[in-house]
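Chains, contacts and geometry: an overview
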Amino acid sequence: MGYDLPVRPSFSPAQRTVGICRAAVHPVLRVSGPDRSSAQRWVGQAGVRSRLNQHYYGLDDPLANSMLTGSWGKGLAVRSRRDIDVMFLLPDTVLSRFNQRVGNRQSQILQEVRSVLSVAYGLQTEMRGDQQAVVVRFSTTPVDVVPGFRARYGQVWICDTRYGGTYRLADPVMEMDSLNTSDARHQGVTRIIIRAIKQWQRHCNAPLRSFQVERLVIEFMHTQSGVYFWPDSLVRDFFGWLITRPSASIIMPGTLEVVALGNAWRSRAETAWRNACIACDHERAGQNLEAGAAWQKVFGTMIPLVA
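Source: prediction; values computed, not measured. (Residues numbered from 1 in each chain as written. Predicted model: local features only at pLDDT ≥ 70, side-chain atom pairs only at ≥ 80, totals over all residues. Heavy atoms only, no water.)

1. Quick word on the overall build of the protein
The criterion, for reference: Secondary structure elements follow DSSP: runs of H or I no shorter than four residues count as helices, runs of E no shorter than two count as strands, and numbering proceeds from the N terminus. Should any heavy atoms of two residues lie within 4.5 Å, those residues are considered in contact.
For the protein, the helix and strand inventory stands at 11 helices and nine strands. Of the contacts formed within the protein by residues at least 6 apart in sequence, a portion of 62% connects residues at least 24 apart.

2. Details of helix α6 (residues 172-185)
The criterion, for reference: Here the expected span of a helix is defined as 1.5 Å times the quantity of residues minus one. In this scheme, a residue with accessible area under 20% of its type's maximum is buried, one over 50% is exposed, and one in between is partly exposed, where area comes from a 1.4 Å probe on protein chains only. Each direction from the helix axis to a C-beta atom contributes to the arc, which is the arc of those directions.
In a regular helix each residue adds 1.5 Å, so 14 residues correspond to 20 Å; α6 covers 20 Å between its end C-alpha atoms and thus fits that length. Among all positions in α6, only Pro172, Glu175, Ser178, Leu179, Ser182 and Asp183 are buried. Buried residues of α6 fall within an arc of 130 degrees about the axis and therefore sit on the same side. In α6, the exposed positions that point more than 90 degrees away from the buried face belong to Thr181 and Ala184. Looking one or two places after α6, you find Gln187, whose phi comes out positive at around 60 degrees.

3. Looking at the packing of aromatic side chains
Aromatic ring pairs: the centre-centre distance and the angle between the two ring planes describe each pair. Here is the rule we go by: Think of it this way: a Phe, Tyr or Trp ring, Trp meaning its six-membered ring, pairs with another when their centres are within 6.5 Å, and the plane angle makes it stacked under 30 degrees, edge-to-face over 60, tilted otherwise.
Per the stated rule, a full pass over the model turns up 10 aromatic pairs. Centre to centre, the rings of Phe238 and Trp241 are 5.8 Å apart; their planes meet at 40 degrees, and the pair counts as tilted. Placement of the pair is Phe238 and Trp241 together in helix α9 (residues 231-243), with a separation of three residues, close to one helical turn. Take Phe238: its relative accessible area is 1%, and that puts it in the buried class. Residue classification places Trp241 among the buried positions, given a relative accessible area of 15%.

4. Topic: the side chain of Glu112
The cut-off we apply is this: Pairing of N or O atoms within 3.5 Å defines a polar contact, subject to two protein rules: one partner must be a possible hydrogen donor and the other a possible acceptor, and residues neighboring in sequence count only if both atoms are side-chain atoms.
Tracing the backbone shows Glu112 in helix α5 (residues 105-121). Relative accessible area serves as the criterion here: at 18%, Glu112 is assigned to the buried category. Only 2.9 Å separates the side chain of Glu112 from the side chain of Arg97, close enough to count as a polar contact. Glu112 has contacts with Tyr56, Val94, Arg97 and Phe98, leaving out every residue within four places of it along the chain.

5. Looking at the packing of α6 against helix α8 (residues 210-221)
When two helices pack together, you describe them by how their axes are tilted relative to each other and by the distance separating the axes. For the record, the criterion: For helices, the axis comes from a line fit to the C-alpha atoms of the stretch in contact; other axes are also lines fit to C-alpha atoms, and the angle between any two N-to-C directions lies between 0 and 180 degrees. To sort the angles, those under 35 degrees are grouped as roughly parallel, those over 145 as roughly antiparallel, those from 65 to 115 as roughly perpendicular, and the leftovers as oblique. Should the near helix be turned anticlockwise from the far one by less than a right angle, the crossing is termed left-handed; should it be turned clockwise, right-handed.
Where α6 meets α8, the closest approach of the two axes is 10 Å, and the angle between their N-to-C directions is 40 degrees. As summarised for this structure, α6 and α8 are arranged oblique, according to the angle between their axes. As α6 runs across α8, the sense of the crossing is left-handed. Mapping the contact onto sequence places Glu175, Ser178, Leu179, Ser182 and Arg185 in α6 and Arg215, Ile218 and Met221 in α8.

Interpretation note: all reported values are geometric properties and have no functional meaning in isolation.
See below:
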């Protein structure tokens, strides 16, 4: 059975298939429960935050002046987690000190944060490949530290070392509020779909970043009625919406920053839409094994053949 790309996807509730989305609700796409590995991850990131608080504020506190961001902080992680993102807010005195310097001040700030953490973690500490964060490579899960400075209205200036160095405005509180609002409106389905699409992005190596996937899914969920439908058809409909979406950019909450997405991901999304359509058709026909095989083309073998 062949599938042409939709001109403009418009799926009414009556058109949605009714099935169980092994791709969205299977435990491998959910945040794992407390276990030894989870405890080790918590100790690791808490130690990093404590070390920075000790150096910059004289506090032995694993929570102050910092927040968990990314998948871990937003409850969007899928197994296995790739990293834990921590935003650490440096004192204003540090900003004033570095403003007296010349050159790439943002890179210098990150190098200082790395030096502070190297005292405790030694060779485990390095700069991330994009030079936007300091990474502490624990044996369980790396901790990515993004240093920043307090701005107005709860926003944060973060260090961007590109193009000679600059500060970029971020609004992690508004990002979380936007996610929570969508998830509440759709009875927890927004987070389920985000986890599923992140697994597709990982399995198919789609060139989209996690925060871009989050914003795209939230934007897609705004087009839904708010009534809970089976996640399998929502996954299918998301890909159909994505590949006919007119704008290749997203707008970040709070800062209104426009982030370009490019088009390198589009062919992978088109393939995923076709396979999701095939999977939903098999589910509607009661062909569970065939449906599982089609979903595995989208999400990999983390998804079982039989739900």
